[in-house]
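# Overview (structure and organization)
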Amino acid sequence: MEIIIIGAGSAGLLSALMIKNKIPKCNITIIKDPDTKVIGVGESTVGSFITMLKDHIGIDIDDFIKNVKPVTKHGLLFNFGKKDFNYSFDRTFDLEQNGNYLPNGFYFEGGDINHSEESTHIFNKTNTEPIYSKGGLNLNNKLSLEYLEKIAIEKGIKIINGKIISVERIDNNIKSLNKKHKADYFIDCSGFNSLLSEEKWVSYNDSLINDKALFFEITNKRNYNIRPYTQATTMKCGWLWEIDHADNTTSCGYVHSSKYTSDKESLKEVEQKLKIKIKDYRIIPFKTGRLEKHWVGNVITIGNADGFIEPLESTSLMIILQLSLQISYILKYGDKKNDLIDDYNKFVNKYYDNIRDFILIHFCFNNKINNKYWKDYKKRIGKLSKNSLGYEIVHYYLRNNTHIRFLTHTYNDENPFGLEGWYSILRGLIPTETDRKKWLVKLEKGKE
Ligand SMILES: Cc1cc2nc3c(=O)[nH]c(=O)nc-3n(C[C@H](O)[C@H](O)[C@H](O)COP(=O)(O)OP(=O)(O)OC[C@H]3O[C@@H](n4cnc5c(N)ncnc54)[C@H](O)[C@@H]3O)c2cc1C
């Protein structure tokens with residue numbers, strides 16, 4: 001089987017490695033345009049990252065850590081809502097402890113989300129050295145891509161320079177690229193250029209507001225202490241991420257909406273917030289949404305070319321790994337009648353839409369600042385469709401607190417955060433019964 005992948009960003013490299021690991025006999029060529037740089041952000045991961053690299057891509061984690069020098073990420077510290085709260089990747093609610101018959105969440109009466117022993121231990125800790133766990137990582141994007149490229153070449157994946165300027169098609173299939181590159185399958189990992197797909201773009205603009213990030217790096221001034229989590233801070237028109245690296249730098253990004261603030265204003269706001277002067281920064285525009293179909297004929301799209309939600313919760317690398325795993329299974333076992341591909345397209349749509357809803361509730365329920373941006377976000381609670389999984393979980397929570405036995409349908413693969421993730425955010429943002437009651441009325445009316 002011959003596969004051509006366009007792009008050598010995280011999407012191109014991770015999916016090439018995934019497919020090569022699952023189907024060693026296939027020939028993979030990555031074509032990358034030396035004049036189009038990779039996006040250069042995508043540094044933070046979810047809790048399953050190491051397991052995916054190790055178990056499904058076959059990467060030697062010790063070697064990865066030695067070369068890429070990531071920092072362990074145990075979760076996020078949210079400066080959202082009335083009070084800061086920890087969203088730990090460790091299980092707070094669904095663990096059955098102390099011989100209890102029901103999970104912790106059932107007994108979680110008026111408790112504080114920051115209560116869990118594990119969570120307190122981790123989030124209070126500051127480290128002079130990066131520490132490693134089995135979970136998530138904060139990566140140095142450049143080092144990580146260099147490493148993945150080196151491993152790809154070692155595993156027999158060909159990487160060549162070239163700019164794709166023409167696509168020859170017969171019906172739904174691509175015949176060749178630039179009239180010379182032919183393959184059985186073409187995987188589009190060209191980032192926001194989204195070169196190969198002819199499918200409709202389903203925008204998330206009506207629910208998610210942000211469309212830009214102001215990205216910069218600073219020197220870590222906390223006496224070399226490294227935070228083993230991502231810090232997410234509420235800003236006037238969005239939020240700020242801070243990710244510490246092992247080399248004493250912190251990468252930061254103010255994710256905001258160009259409809260509510262300008263580049264200049266956002267720079268000023270962030271400088272005031274962090275009490276620093278920022279000399280070098282990059283404004284990264286992005287669009288949120290997904291394609292209507294992700295695999296058509298012999299064309300598959302992955303990464304930013306396929307869909308993007310927004311960096312809060314760092315979901316893109318997780319999506320890339322999860323989808324390339326599924327693609328590799330379908331490619332391996334074949335799908336002559338296209339049934340699996342149809343299923344795949346349906347699955348991916350639900351997967352993206354569920355993540356979109358999960359991100360949406362972070363914003364809608366955040367009552368830290370009460371300006372136009374945040375008021376407008378609150379109104380968007382009505383975008384949670386009554387048939388969606390997100391609506392069901394939020395509705396249960398507002399009615400029952402966390403006192404419910406786990407719903408079986410929240411465990412399915414389409415909901416990567418599980419009930420655990422949703423409860424952590426809901427509990428952090430809406431901790432009191434009074435607020436739960438108020439929100440229940442608003443949710444049922446479909447508006448703020
Ligand atoms: C502000 C922001 C913050 C983010 N933070 C995170 C995060 O913390 N965690 C996370 O998981 N994700 C994050 N993401 C998403 C992240 O960008 C992606 O996960 C990841 O970098 C994948 O990018 P990509 O490979 O799809 O595209 P890119 O990195 O843009 O790579 C595109 C590739 O395609 C090639 N190419 C383009 N056009 C052509 C052409 N015509 N011919 C040949 N080659 C071509 C380029 O040369 C390049 O190699 C963030 C995104 C944004 C916008």
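For the structure itself, look to the data block above.
Owing to the predicted nature of the structure, the values given are computational and were not obtained by experimental measurement. (Residues numbered from 1 in each chain as written. Predicted model: local features only at pLDDT ≥ 70, side-chain atom pairs only at ≥ 80, totals over all residues.)

Here helix H1 (residues 10-22) spans 18 Å end to end across 13 residues, near enough to the 18 Å set by a 1.5 Å rise per residue. Counting buried positions over the 13 residues of H1 gives 11, a clear majority of the element. The inward-facing, buried residues of H1 abut strand E1 (2-6), strand E2 (27-32), helix H2 (49-57), helix H5 (141-154), strand E10 (185-188) and helix H7 (316-333). (Helix = DSSP H or I, 4+ residues; strand = E, 2+ residues; numbered from the N terminus. Expected span 1.5 Å × (residues − 1). Buried ≥ 20, exposed ≤ 12 C-beta atoms within 10 Å, placed from the backbone. Contact = placed C-beta atoms within 7 Å.)

Soluble, globular proteins show a tendency: their nonpolar side chains are buried together. Counting residues in hydrophobic clusters, the biggest one holds 115 residues, and the most contacted among them are Ile5, Ala16 and Leu17. A per-element tally of this core places helix H8 (residues 339-364) first, with 11 residues. Leave out the neighbours within four places in its chain, and Ala16 touches Ile5, Ile28, Ile30, Ala152 and Ile157. (Core = buried A, V, L, I, M, F, W, Y, C linked by C-beta atoms within 7 Å.)

Close contacts around the ligand come from 36 residues, with Gly7, Gly9, Gly191, Gly303 and Ser316 the closest. Those elements that provide at least two residues to the shell around the ligand are H1, E2 and H7. With 3 residues, H1 is the largest single contributor of residues to the shell around the ligand. Across the shell around the ligand, the residue classes tally to 16 nonpolar, 16 polar and 4 charged. (Near = placed C-beta within 6 Å. Nonpolar A, V, L, I, M, F, W, Y, C, P; charged D, E, K, R; others polar.)

Glancing now at the sheet that holds strand E20 (residues 307-308). Hydrogen bonds between backbone groups are what pair the strands of a sheet, and the pairing can be parallel or antiparallel. An order of E11-E17-E20 is seen for the 3 strands of this open sheet, with the pairing classed as antiparallel. Of all strands in the sheet, those with a lone pairing partner are strand E11 (201-203) and E20, marking the two edges. (Pairing = 2+ DSSP bridges.)

Looking now at the packing of helix H3 (residues 61-68) against H5. The geometry of H3 relative to H5 is characterised by a closest axis approach of 9 Å and an angle of 135 degrees between their N-to-C directions. When the axis of H3 is compared with that of H5, the two are oblique. Judged by the sense of rotation from one axis to the other, the crossing of H3 with H5 is right-handed. Judged by residue contacts, Phe64, Asn67 and Val68 of H3 engage Leu143, Ser144 and Tyr147 from H5. Here the contact of H3 with H5 is built from residues that sort into 4 nonpolar, 2 polar and no charged. (Axes fitted to C-alpha atoms, helices over the stretch in contact; angles between N-to-C directions. Parallel < 35°, antiparallel > 145°, perpendicular 65-115°, else oblique. Left-handed = near helix turned anticlockwise from the far one by under 90°.)

Attention now moves to the sheet that holds strand E7 (residues 158-161). One open sheet accounts for 6 strands, arranged E7-E2-E1-E10-E19-E18; its pairing is mixed. In this open sheet, the two edge strands, each paired with only one partner strand, are E7 and strand E18 (295-296). Judged from the 5 bridges that link them, E1 and E2 form a sheet pairing that is parallel. Residue pairing across strands places Ile3 opposite Ile28, the latter belonging to E2. Seen against the sheet, H1 touches E1, E2 and E10 and runs at an angle of roughly 175 degrees to E2.

With that settled, the discussion passes to the packing of H1 against H7. Close contact between H1 and H7 brings their axes to 9 Å; oriented N to C, the two are set at 35 degrees. Of the two possible hands of crossing, H1 and H7 adopt the one that is right-handed. For the pair formed by H1 and H7, the contact residues are Ser10, Ala11, Leu14, Ser15, Met18, Ile19 and Lys22 on the first element and Leu317, Ile320, Leu321, Ser324, Leu325, Ile327, Ser328, Leu331 and Lys332 on the second. Taken together, the residues of the contact of H1 with H7 break down into 10 nonpolar, 4 polar and 2 charged.

A word on the environment of Phe78. If you trace the backbone, Phe78 turns up in strand E4 (residues 75-79). Residue classification places Phe78 among the buried positions, given that 27 C-beta atoms sit within 10 Å. The spatial distance from the C-alpha of Phe78 to the C-alpha of Thr233 is 6.2 Å, given a sequence separation of 155 residues. When neighbours within four sequence positions are excluded, Phe78 is seen to be in contact with Asp84, Phe85, Tyr87, Ala232 and Gly428.

By themselves these figures say nothing about function.
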